[in-house]
Amino acid sequence: MRFLHQLFAGRKESVSETIRRRRLERCSADLLDPLLAALPVHAVGTRWGFTDAAGFSRTFRAAYGVSPQEHRRLAARQYG
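Criteria and cut-off values
Residues numbered from 1 in each chain as written. Predicted model: local features only at pLDDT ≥ 70, side-chain atom pairs only at ≥ 80, totals over all residues. Heavy atoms only, no water. Salt bridge = Lys/Arg side-chain N within 4 Å of Asp/Glu carboxyl O. Helix = DSSP H or I, 4+ residues; strand = E, 2+ residues; numbered from the N terminus. Phe/Tyr/Trp six-rings, centres within 6.5 Å; stacked < 30°, edge-to-face > 60°. Buried < 20%, exposed > 50% of the residue type's maximum accessible area, 1.4 Å probe, protein only. Expected span 1.5 Å × (residues − 1). Arc of directions from axis to C-beta. pLDDT = per-residue confidence, 0-100.

Here we look at the pattern of salt bridges
Between side chains of opposite charge, a pair can form as their charged atoms come close. A full pass over the atoms with the stated rule returns 4 salt bridges. One salt bridge in this structure joins R21 and E25, with 2.9 Å as the shortest N-O distance. Pair noted here: R21 and E25 are both in helix α2 (residues 15-32), with a separation of 4 residues, about one helical turn. Through salt bridges with shared partners, one network takes in E13, R21, R22 and E25.

Written out as structure tokens, the structure reads:
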């Protein structure tokens, strides 16, 4: 684990921030995917490692400015 942190030394994102960002990007992509529209929002979060639905929603909102449900709804309306 120490080696991984050494690889990230001097970068603007820490290891955990990079992992969280990548997981959120995957969640966003799944929420926008029409083939996954029937998958509940909390299941999308769980799929990418967010085990607490409320925590997932807070983290997603902090990153994207909207809740995961709203993100999905806005995309459906835009691309609908």
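Section: the packing of aromatic side chains
Considering all chains together, one arrives at 3 aromatic pairs under this definition. Relative to F56, the ring of F50 lies with its centre 5.1 Å away and its plane at 40 degrees, an arrangement referred to as tilted. Residue F50 shares its accessibility class with F56, and that shared class is buried. Relative to F60, the ring of F56 has its centre 5.9 Å away and its plane inclined at 65 degrees; by these criteria the two rings are edge-to-face. Taken together, the positions of F56 and F60, both in helix α4 (residues 53-64) and 4 residues apart, correspond to about one turn of that helix.

Here's the deal with α4
With 12 residues, α4 should reach 16 Å at 1.5 Å per residue; the first-to-last C-alpha distance of 16 Å fits that figure. Regarding α4, the residues found buried are G55, F56 and F60. Looking straight down α4, one finds its buried side chains confined to an arc of 130 degrees; they lie on one side. What points out from α4, more than 90 degrees from its buried face, is the exposed set R58 and A62. Two residues or fewer past α4, G65 is found with a positive phi of approximately 80 degrees.

Description of the confidence of the model for the protein
Residues of the protein with pLDDT of at least 70 account for 94%, and the chain-wide mean is 90. Mean pLDDT across the elements of the protein bottoms out in helix α1 (residues 2-7) (73) and peaks in helix α3 (residues 41-47) (98).

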